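Structural description and commentary
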Amino acid sequence: MLDDRDGQLAERLSRETIAHLCHRRFGIGADGLILLQSHPTYHFKMQYYNADGGMSSMCGNGGRCLVAFARDLGILADQYTFEAIDGLHHARIGGDWIDLQMTTPHGFKKTEDGQYWIDTGSPHYVGFFETEVAELAIVEEGKRIRHSQAFAPGGTNVNFVNVLNDNELSVRTYERGVEDETYSCGTGVTACALVHLYQSGRQKGEIKIHTPGGHLRVRLDEQAEVFLSGPAEAVFTGKITVSAISD
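Residues numbered from 1 in each chain as written. Predicted model: local features only at pLDDT ≥ 70, side-chain atom pairs only at ≥ 80, totals over all residues. Heavy atoms only, no water.

Some thoughts on helix 3 (residues 60-72)
Between its terminal C-alpha atoms helix 3 stretches 19 Å, which fits the 18 Å expected from 13 residues at 1.5 Å a residue. Along helix 3, 10 of the 13 residues are buried, which leaves the element largely enclosed by surrounding structure. Regarding helix 3, the residues found buried are Gly 60, Asn 61, Gly 62, Gly 63, Arg 64, Leu 66, Val 67, Ala 68, Phe 69 and Ala 70. A positive phi of about 95° marks Gly 74, the residue just after helix 3. (Helix = DSSP H or I, 4+ residues; strand = E, 2+ residues; numbered from the N terminus. Expected span 1.5 Å × (residues − 1). Buried < 20%, exposed > 50% of the residue type's maximum accessible area, 1.4 Å probe, protein only.)

Focus on the packing of aromatic side chains
What describes a pair of aromatic rings is the distance from one ring centre to the other and the angle between the planes of the rings. Here the structure, examined in full by the defined rule, presents six aromatic pairs. An angle of 10° between the planes, with centres 4.9 Å apart, marks the rings of Phe 44 and Phe 82 as stacked. Of this pair, Phe 44 sits in strand 3 (residues 44-50) while Phe 82 sits in strand 4 (residues 80-84), and the two are 38 residues apart along the sequence. Taking relative accessible area as the criterion, Phe 44 reaches 0% and is therefore assigned buried. Aromatic side chains Phe 108 and Tyr 116 sit 5.8 Å apart centroid to centroid with 5° between the ring planes, which places their arrangement in the stacked category. We classify Phe 108 as partly exposed; its relative accessible area is 39%. A network of ring pairs unites the aromatic residues Phe 108, Tyr 116, Phe 128 and Tyr 198 as a single cluster. Seen from the ring of Trp 117, Lys 109 lies directly overhead, with NZ or CZ sitting 5.3 Å from the centre. (Phe/Tyr/Trp six-rings, centres within 6.5 Å; stacked < 30°, edge-to-face > 60°. Lys NZ or Arg CZ within 6 Å of the ring centre and 35° of its normal.)

Right under this line is the structure:
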């Protein structure tokens, strides 16, 4: 996450530079890069890039973490409003947890293989399995679905889900742009929770989600508004010379 309120970084960060920064061997190592930018009306603007350096759709966990980053930069508010690629988001901070309002999902449909697809700010295939997700070949199967003709040309993110009980899921996600499993995907778990609720005929409810990266909650309220909640913790800060990478 980078503070780009002066607008200088967006002009300097090429796709190749972003990919280099995200590289886990030769760069910092990350699933993506996020710029916090100034906005004339709202608290800030979110600009998100995948690990391959390409402009991405919405990142739910990234949005939550960016709110915590804004607070750490001295941008203080009872309720934050920021603009992302999929529209406006509202968020509140409660202790270590960030409660983020997601945009209205759309495109919900059954897939040819009897699973589901929904767009929660990013496109997501949602597959339910009896086999424990810990035992599934996430990368191989995720890559196959992500590049399948059914989701061409843009592809899709792929989620593998176990239903633990009516209000609890276990989820692993293969993300396009990262082209690998990520330990936790905010728009992905949102998609899984909503499909689970729709399947069970519920118009509201809160679902607990277990991912390899930690625990999250997704809430659908009486007004059909969707909220993603979870912790956001600063791991480290540092400096890197971008010009050296560019050269």
